[in-house]
Amino acid sequence: MFSAFIEQVVNGIVTGSVYAIVAVGMTMIFGVLRAINFAHGEYYMLGTFGAWFAIDYLGLSYEASIIVGVLSTIVVAYVVGQLVMRRMVGAPAESGVLATLGIALVLQNTVILVFGGGYKFFSGGYIEPVSILGFSLAQQRVIILVVCLLVFIGLELLVTHSRMGKAMRAVSQNVECCEVVGIDVPQVVLRTFILGAALAALSGVLTAPVNISVYGGMGELITFKTLPIIIMGGLGNVRGTFFAAMILGIAESLVATYVGLQYRDTVGFATLILMLMWRPHGLFSTQARF
C-alpha cells in the first residue's frame, strides 16, 4: 500500500516536471510584460506537431524531431513577438488578454486546418521501462524529470549571471527606470517571450511519447493547467512556479488514483478558485521574481 502511494508521488513529480517547464515560460513572460499569455499552451502544441511532422513526414529520428519542433516554434514565436508582444509593453492588461486569446485561436485553428482535427499517433520517444529504486518508470519519464532539473538550473544561471538575465530582472522590477537608463524593453520582452515559447515547445516534444497522441486542441488544456501553477507560485516567481507545479502534479496523481481519473483535471481548477479566494498573490512572494 505504501509502495503504491510512493509510486503515485513519483508519477506526480514527473507530471509536475512537465507542468513546470511550460509554466516557467508563462510566469517569465508575466514578469516582464505584466500580462498572462493565454496562447502559451499553443506553443506546447506547435512543438509537439513540429516533432510529429518531422518523424512521420520527414522520416527523422526522435532526437532530430526535438530540434525541429523547438526551432519551428521559435520561428512562430519570433513572428508573433515582433508583430504583437513587443507592442504590448505599457499597454493595459486587457489588451494583452485579448491579443493572446486571439493568437491562441489563430494558431489552434491553423494547425487544425493544415493537419486536420483528428488525433495523430506520436511514434517517437523512449517508452521502454527502467527500474529506479524499485520503481518501474518509462525512460521518457526519467528524461522529462532530468530535463526539468537542467532547465531550472540553466534558468537560474541565466537570470543571475548573464546580461540578458539581469535585463529581464530589471524590466520585471521597473519598466520606466529601464527605459530611462537605455535598456531596450521591447527587445527584452521579445527575447523572454521566445524563450518561454521554446520551453513550452520542449515540454510538448518530451511529453508527446507519454501522451501517445497529438491533436489541435491540446494546448488549450495546458494553458488552463498552468494558470493555477503561476498563481500558486506567485505571479512572476520562477522558483515558486517549480514548487507549485510539483504540488499540482502530485495532487493530480493522488486524486486520479484514490478518487477517480475523471476528477484529475478538476484539481487545477479547484486549486485556482481556492487560491483566488484565499491567497490571490500565491503561496510564494511576488517580490522574488526571477
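Being a predicted model, the structure only gives us computed values, none of them experimental.

Asks: It is not clear to me how the overall build of the chain should be interpreted in this structure. Could you clarify?
Replies: Helices and strands together make up the secondary structure of the chain, namely 11 helices and 4 strands. In terms of overall size, the chain behaves like a compact globule, its C-alpha atoms giving a radius of gyration of 19 Å where 290 residues would be expected to give roughly 19 Å. Projected onto the principal axes, the alpha-carbon positions of the chain cover approximately 60 × 45 × 35 Å. Looking at the chain as a whole, 49% of its 290 residues are labelled buried. Residue pairs in contact within the chain that sit at least 24 positions apart in sequence constitute 78% of those at least 6 positions apart. Of the accessible surface of the chain, which amounts to about 13,300 Å², a share of 69% is contributed by carbon and sulfur atoms. Of note, the chain has its 14 positive side-chain charges centred 9 Å away from the centre of its 13 negative side-chain charges.

Asks: Looking at this structure, how should I read the packing of aromatic side chains?
Replies: Centre distance and the angle of the planes are the two values used to describe a pair of aromatic rings. Scanning the entire structure with this criterion turns up 13 aromatic pairs. Residues Trp-52 and Phe-115 carry aromatic rings whose centres are separated by 5.5 Å and whose planes lie at 85 degrees to one another, so their mutual orientation is edge-to-face. Taken together, the positions of Trp-52 in helix α2 (residues 40-56) and Phe-115 in helix α4 (residues 93-115) put the pair 63 residues apart, joining distant regions of the chain. The exposure class assigned to Trp-52 is buried, which follows from its relative accessible area of 5%. Residue class for Phe-115 comes out partly exposed when judged on its relative accessible area of 26%. Taken together, the ring pairs in this structure connect Phe-49, Trp-52, Phe-53, Tyr-57 and Phe-115 into an aromatic cluster.

Asks: What is the right way to look at the packing of helix α9 (residues 218-232) against helix α11 (residues 266-278) in this model?
Replies: Angle between the axes and distance between the axes are the two parameters that describe a pair of packed helices. Where α9 contacts α11, the axes come no closer than 9 Å and their chain directions differ by 35 degrees. Considering how the two elements wind past one another, α9 and α11 form a crossing that is left-handed. Listed contacts from α11 to Phe-224, Pro-228, Ile-231 and Met-232 of α9 are Gly-268, Phe-269, Thr-271, Leu-272, Met-275 and Leu-276. Taken together, the residues of the contact of α9 with α11 sort by class into 8 nonpolar, 2 polar and no charged.

Asks: What is the right way to read the packing of α2 against helix α3 (residues 62-83) from this model?
Replies: Orientation of α2 relative to α3, taken along the N-to-C sense of each, is 135 degrees, at an axis distance of 7 Å. One element, α2, and the other, α3, form an angle in the oblique class. Between α2 and α3 lies a crossing whose hand is right-handed. Between α2, through Tyr-43, Leu-46, Gly-47, Gly-50, Ala-51, Ala-54 and Ile-55, and α3, the contact on the second element is made entirely by Tyr-62, Ser-65, Val-68, Gly-69, Ser-72, Thr-73, Val-76, Ala-77 and Val-80. Its residues assigned to classes, the contact of α2 with α3 shows 10 nonpolar, 6 polar and no charged.

Definitions and cut-offs
- Here the residue numbering is sequential within each chain, running from 1 through the sequence in written order.
- Local features are withheld for residues below a pLDDT of 70 in this predicted model, meaning they are given only at 70 or higher, and side-chain atom pairs are given and counted only at 80 or more; totals for whole chains, interfaces and linings count all residues.
- Heavy atoms from the whole structure form the basis of all side-chain values; hydrogens and water molecules are not counted.
- The way it works is that DSSP assigns letters per residue, a run of H or I at least four long becomes a helix, a run of E at least two long becomes a strand, and they are numbered from the N terminus.
- Here the globule rule is a power law, 2.2 Å times the number of residues to the power 0.38, and the radius of gyration is based on C-alpha atoms.
- Type-normalised accessible area, obtained with a 1.4 Å probe on protein chains alone, sets the label of each residue: buried when under 20%, exposed when over 50%, and partly exposed for intermediate values.
- We call two residues in contact whenever any of their non-hydrogen atoms come within 4.5 Å of each other.
- Residue-level accessible areas treat just the shown protein chains as cover; the underlying method is Shrake-Rupley with a 1.4 Å probe.
- His is not counted, nor are the chain ends; Lys and Arg add positive charge and Asp and Glu add negative charge.
- By convention, charge coordinates are those of NZ in Lys, CZ in Arg, CG in Asp, or CD in Glu.
- Ring pairs are drawn from Phe, Tyr and Trp, using the six-membered ring of Trp, whenever the two centres fall within 6.5 Å, and their geometry is named by plane angle: stacked under 30 degrees, edge-to-face over 60, tilted for the rest.
- Fitting a line to C-alpha atoms yields each axis, with helices limited to the stretch in contact; the angle taken between N-to-C directions then spans 0 to 180 degrees.
- A crossing counts as left-handed when the near helix is turned anticlockwise from the far one by less than a right angle, and as right-handed when that turn is clockwise.
- As a working rule, the residues Ala, Val, Leu, Ile, Met, Phe, Trp, Tyr, Cys and Pro are called nonpolar, Asp, Glu, Lys and Arg charged, and the rest polar, with Gly in that last group.
- Oblique is the label for any angle not covered by the other classes, which are roughly parallel (under 35 degrees), roughly antiparallel (over 145) and roughly perpendicular (65 to 115).

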